[in-house]
Amino acid sequence: MANLSKIKRDRMIEFLEQLKKQHSDDASIRAFNEIENQLRDKKYGLVWEEHSEQVDDTLKENIPVLVADKERRLCKDKSLPWNFIIEGDNLQALYLLEKTHKGKIDCIYIDPPYNTGARDWKYNNDYVDGNDVYRHSKWLSMMKSRLVVAKELLNPEDSVLICTIDEKEYMHLACLLEELFPTAKMQMVSSVINVKGVARYKEFARVNEYIFFIQLGDAEVSKLSLSEEWMGNIKSSGRNGVRLAGLLRSGTGSSRKDSPGCFYPIIFYKSGKFKKIGQVLGKEESRDSVTLADDEIAIWPIHKDGTEGRWMYTPSGLAKLIEKGYVYFGKITGDRMGILYAPRGVQEKIEQGLFKIKGFDDNGGAIIDDSEYEASYIPGNQWSIPSHNATEYGTKLIQDILLSKRFTFPKSLYAVHDAVRFFVASKPNAIVLDFFAGSGTTGHAVNLLNAEDEGHRTWIMVTNNEISEAEAKEFEQQGIKKGDKAWEEKGIAKYVTWPRTICSINGVDVDGNALKGDYIGSNIPMSDGFNANVKYLKCEWTPRKPQDYLLSNALGLHIKEMIELQYAIEIDNEKNVLILNKADFKNVFGDKKTIDQIENIWVNQNIVFNASELKMLKSKQYKYIPKEFFGQELREAAE
């Protein structure tokens, strides 16, 4: 079949080549090449009008740096790793994270703006609403630039990207993810977040959202012990909760002719007690050829429609199962009986001692006790879990902590907890990133996971410090502008993310009162809080080509935060030490009492040390400050 588009494209490109010969000036050639590039651009997939952002323009002339907020720091246990809240544009923060965490992130969970047309997000400081004809392309441009960097951060061998979205952009997002992650496994889950539904004008109410799981490398969904609310959707048949299977084969390969060696009678006394296994019938033999005693009845593998089927096992295989007590005979009804058996997985758990046999029934079937065994499951892709309700366990939970409505449409804590847990349950030291952090649910969820299984997972949350449109108008009327303290203190990062995080860690609300209730599923009192450390970093800028000072000196002031972020530690000048110059060296090694406490030393590569100084450094197995932090920027500045 002819590719008509290609034929037309080739014809246009051929005509361009002719024009190039007729118009060979530089301006014409550049124009022809631009036209040709557009013609040769991708012809299948997601196509949209790409837009630039102010942060892109700022990045051309400035370098992002991190500055620690000395007033916002919480240390519960110095022996534990540190978590980080980063305030700033997430593209600005991702630029820095690519230097510290390239290929190291185990799980990214993001809940980006849903682009509903309700002025719920900004592009270049302007709210995007339903009247903006470019709102879809602006959203896609924004997402692509961030997902491109996110891909670099994920561990290519084993990691997952989890992204939630609703019906407004889920089709576009799916195409974008397939384009950016062509070799990854991608699955979409539909999750109920509000049973009552969120009203849509002249449309069906929305009760669910979609969750994309992008699995890189060997990443896989872990089998987990699931709560009662999850188990409601997982069917189970058997005795004492043990899943049994039917001896009569169903589905493909289930007829007599498919396996003649599995067509035979099972003989019972008319009282229903098992007697013996009959002989296999030849291909042409009729069931009527089998002679029974007066007190016997034969049960054959016959389907409900009357056709002849087959048993799952040959006579010898079935005999071994019966001998071990792995077959269960039901009641005789006419010439039929339900016969179940313990499948291989159940047999293995019995033989491994995970399931106990308490005795046997009248027909020798084992009475299995699985009460001490915690079964693991992988659920389906339709989630209707009560604790995922965003109103009850998102909005109301945050209000209980912050004692006011400071954030709209937060995620249920347990919805995030469960989504992440399927991929990091077996990774107690996983690094989890959320660069659309908002209210801070992801950090809260990871802290809860650690409390449940004594893990040491760390999290990094990135959020801007925007205020609502209504609050902005109110401030402007009062003469308060962006950058003023009153404005900044009402921003998401400082007014929601940070207080929610420290309150949940301390187990109190913003007034200092103990939180009430337990965390669902784990029965951990909320008032217990979490054993976790957190620092607050802010993204700022420094010019790429300063005129009145050395760039290396300016960037040196921000190395400390980069090392802390990369290693999830705190440079405390006791256990972890940074040496930027000879004065730092003298301070560190000048006091013999403190030398023994040092565990890690990072050193500026530009310092020249003598043999004696190098010997002291080597005794502490020093490390150089990584070149990838700002090496490229310094080369560009010719330093």
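The model shown is predicted, which means the values in this text are computed figures rather than measured ones.

Caption draft 1: Representation of helix H15 (residues 492–506) within the structure. Along its 15 residues, H15 runs 20 Å from first to last C-alpha, staying within 8% of the 21 Å computed at 1.5 Å per residue. Of all the bends in H15, the largest measures some 25 degrees and sits at Trp-498, one to four residues before the proline Pro-499. Most of H15 is tucked away, with 11 of its 15 residues classed as buried. Buried within H15 are the following residues: Ala-493, Lys-494, Val-496, Thr-497, Trp-498, Pro-499, Arg-500, Thr-501, Cys-503, Ser-504 and Ile-505.

Caption draft 2: Molecular detail of the packing of helix H4 (residues 90–100) against helix H17 (residues 559–567). At a minimum axis separation of 9 Å, H4 and H17 run at an interaxial angle of 70 degrees. Relative to H17, the element H4 is oriented roughly perpendicular. For the pair H4 and H17, the sense of crossing is right-handed. Each of Leu-96, Leu-97, Lys-99 and Thr-100 in H4 lies in contact with H17, whose residues at this interface are Met-562, Leu-565 and Gln-566. Grouping the amino acids of the contact of H4 with H17 by side-chain chemistry returns four nonpolar, two polar and one charged.

Caption draft 3: Spatial organisation of helix H11 (residues 413–424). Between its first and last C-alpha, H11 extends 16 Å over 12 residues, near the 16 Å set by a 1.5 Å rise per residue. Along H11, the residues that are buried comprise Leu-413, Tyr-414, Ala-415, Val-416, His-417, Asp-418, Ala-419, Val-420, Arg-421, Phe-422, Phe-423 and Val-424. The opening residue of H11 is Ser-412, an N-cap whose side-chain oxygen sits 3.2 Å from the backbone nitrogen of Tyr-414.

Caption draft 4: A look at the sheet that holds strand S23 (residues 623–624). Ordered in space as S21-S22-S23, the three strands form an open sheet in which the pairing is parallel. The sheet terminates laterally at strand S21 (576–579) and S23, the two strands that pair on one side only. In terms of strand pairing, S21 meets strand S22 (residues 600–603) through four bridges, oriented parallel. Paired with Ile-579 across the two strands is Val-603, which belongs to S22. Here H17 sits on the sheet and contacts S21, S22 and S23; the angle it forms with S21, its principal contact strand, is near 145 degrees.

Caption draft 5: Quick peek at the pairing of strand S13 (residues 327–333). Pairing geometry for S13 and strand S14 (residues 336–341), over five bridges, is antiparallel. Residue pairing across strands places Val-327 opposite Tyr-341, the latter belonging to S14. Turn length for the S13-S14 hairpin, with the two strands adjacent in sequence and antiparallel, is two residues, and the turn residue Gly-334 shows positive phi of about 65 degrees.

Caption draft 6: How the structure looks around the nonpolar core. In terms of nonpolar packing, the biggest core is built from 63 residues, with Met-143 and Leu-433 touching the most fellow members. Broken down by element, this core gets its largest block of residues, eight residues, from helix H5 (residues 135–153). In this structure Met-143 touches Ile-110, Pro-112, Cys-163, Leu-173, Leu-176 and Phe-436, once residues within four positions along its chain are discounted.

Caption draft 7: Up close: unusual backbone geometry. The backbone of Asn-115 sits at a positive phi, close to 55 degrees, despite the residue not being glycine. Topologically, Asn-115 is positioned in the loop between strand S3 (107–110) and strand S4 (118–123). One non-glycine residue, Leu-403, adopts positive backbone phi at about 60 degrees. With respect to the helices and strands, the residue Leu-403 is situated in the loop between helix H10 (390–402) and H11. You can call Leu-403 partly exposed: its relative accessible area is 41%.

Caption draft 8: Looking closely at the confidence of the model for the chain. The share of residues in the chain with pLDDT of 70 or more is 96%, and the mean pLDDT across the chain is 90. Per-residue pLDDT stays below 50 along residues 235–240; that stretch engages in 16 contacts with residues further than four places along the chain or on separate chains.

Caption draft 9: Region of the structure containing the environment of Ile-378. With respect to the secondary-structure elements, Ile-378 resides in the loop between strand S16 (366–369) and strand S17 (382–383). When the C-alpha positions of Ile-378 and Leu-226 are compared, they lie 8.7 Å apart, and in sequence the two are 152 residues distant. Leaving out residues up to four positions away in the same chain, Ile-378 has contacts with Val-221, Ser-222 and Lys-223.

Caption draft 10: Looking closely at the packing of aromatic side chains. Here the structure, examined in full by the defined rule, presents 19 aromatic pairs. Seen in terms of ring centroids, Phe-213 and Trp-383 are 6.0 Å apart; in terms of plane orientation they differ by 55 degrees. Their pairing is tilted. Here Phe-213, found in strand S8 (residues 208–217), pairs with Trp-383, found in strand S17; they are 170 residues apart in sequence, far enough to count as distant. Look at Phe-213 and you get buried, because its relative accessible area is 5%. By relative accessible area, which is 5% here, Trp-383 ends up buried. Judged by centre distance (5.8 Å) and plane angle (90 degrees), the ring pair of Trp-498 and Tyr-536 falls under edge-to-face. You can see Trp-498 sitting in helix H15 and its partner Tyr-536 sitting in strand S20 (residues 533–543), a full 38 residues away along the chain.

Caption draft 11: A look at the side chain of Asp-132. In this structure, Asp-132 sits in the loop between strand S5 (126–129) and H5. Judged by relative accessible area, which is 18%, Asp-132 ranks as buried. In terms of polar contacts, Asp-132 uses its side chain to reach the backbone amide nitrogen of Tyr-134, at 2.8 Å.

Caption draft 12: View of the pattern of salt bridges. Scanning the entire structure with this criterion turns up 34 salt bridges. Close ionic contact of Asp-132 with Lys-138 constitutes a salt bridge, the shortest N to O distance being 2.8 Å. Lys-138 carries the same exposure label as Asp-132, and that label is buried. Residue Glu-167 pairs with Arg-200 through a salt bridge whose shortest N-O separation is 3.0 Å. With Glu-167 in the loop between strand S6 (158–165) and helix H6 (170–180) and Arg-200 in the loop between strand S7 (185–192) and S8, this pair connects stretches of sequence that are 33 residues apart. Overall, the relative accessible area of 17% leaves Arg-200 in the buried class. Taken together, the shared-partner salt bridges in this structure form one network comprising Arg-73, Lys-535, Lys-560, Glu-564 and Glu-570.

Caption draft 13: Structural view of the packing of helix H18 (residues 582–589) against helix H20 (residues 611–619). At a closest axis distance of 12 Å, the pairing of H18 and H20 adopts a crossing angle of 60 degrees. One finds that H18 runs oblique with respect to H20. The way H18 lies across H20 gives a crossing that is left-handed. Two secondary-structure elements touch here, H18 through Lys-582, Phe-585 and Phe-589 and H20 through Glu-613, Met-616 and Leu-617. By residue class, the composition of the contact of H18 with H20 is four nonpolar, no polar and two charged.

Caption draft 14: Structural view of the environment of Val-603. With respect to the element layout, Val-603 can be found in strand S22. Given a relative accessible area of 0%, Val-603 falls into the buried group. Filtering out sequence-adjacent residues up to four positions away, Val-603 remains in contact with Ile-579, Phe-609, Leu-617, Tyr-622, Lys-623, Tyr-624 and Ile-625.

Calculation notes
Residues numbered from 1 in each chain as written. Predicted model: local features only at pLDDT ≥ 70, side-chain atom pairs only at ≥ 80, totals over all residues. Heavy atoms only, no water. Helix = DSSP H or I, 4+ residues; strand = E, 2+ residues; numbered from the N terminus. Expected span 1.5 Å × (residues − 1). Bend = angle between axes of the 7 residues up to and from the residue. Buried < 20%, exposed > 50% of the residue type's maximum accessible area, 1.4 Å probe, protein only. Axes fitted to C-alpha atoms, helices over the stretch in contact; angles between N-to-C directions. Parallel < 35°, antiparallel > 145°, perpendicular 65-115°, else oblique. Left-handed = near helix turned anticlockwise from the far one by under 90°. Contact = heavy atoms within 4.5 Å. Nonpolar A, V, L, I, M, F, W, Y, C, P; charged D, E, K, R; others polar. Polar contact = N/O pair within 3.5 Å; in protein donor to acceptor, adjacent residues only side chain to side chain. Pairing = 2+ DSSP bridges. Core = buried A, V, L, I, M, F, W, Y, C linked by side-chain atoms within 4.5 Å. pLDDT = per-residue confidence, 0-100. Phe/Tyr/Trp six-rings, centres within 6.5 Å; stacked < 30°, edge-to-face > 60°. Salt bridge = Lys/Arg side-chain N within 4 Å of Asp/Glu carboxyl O.

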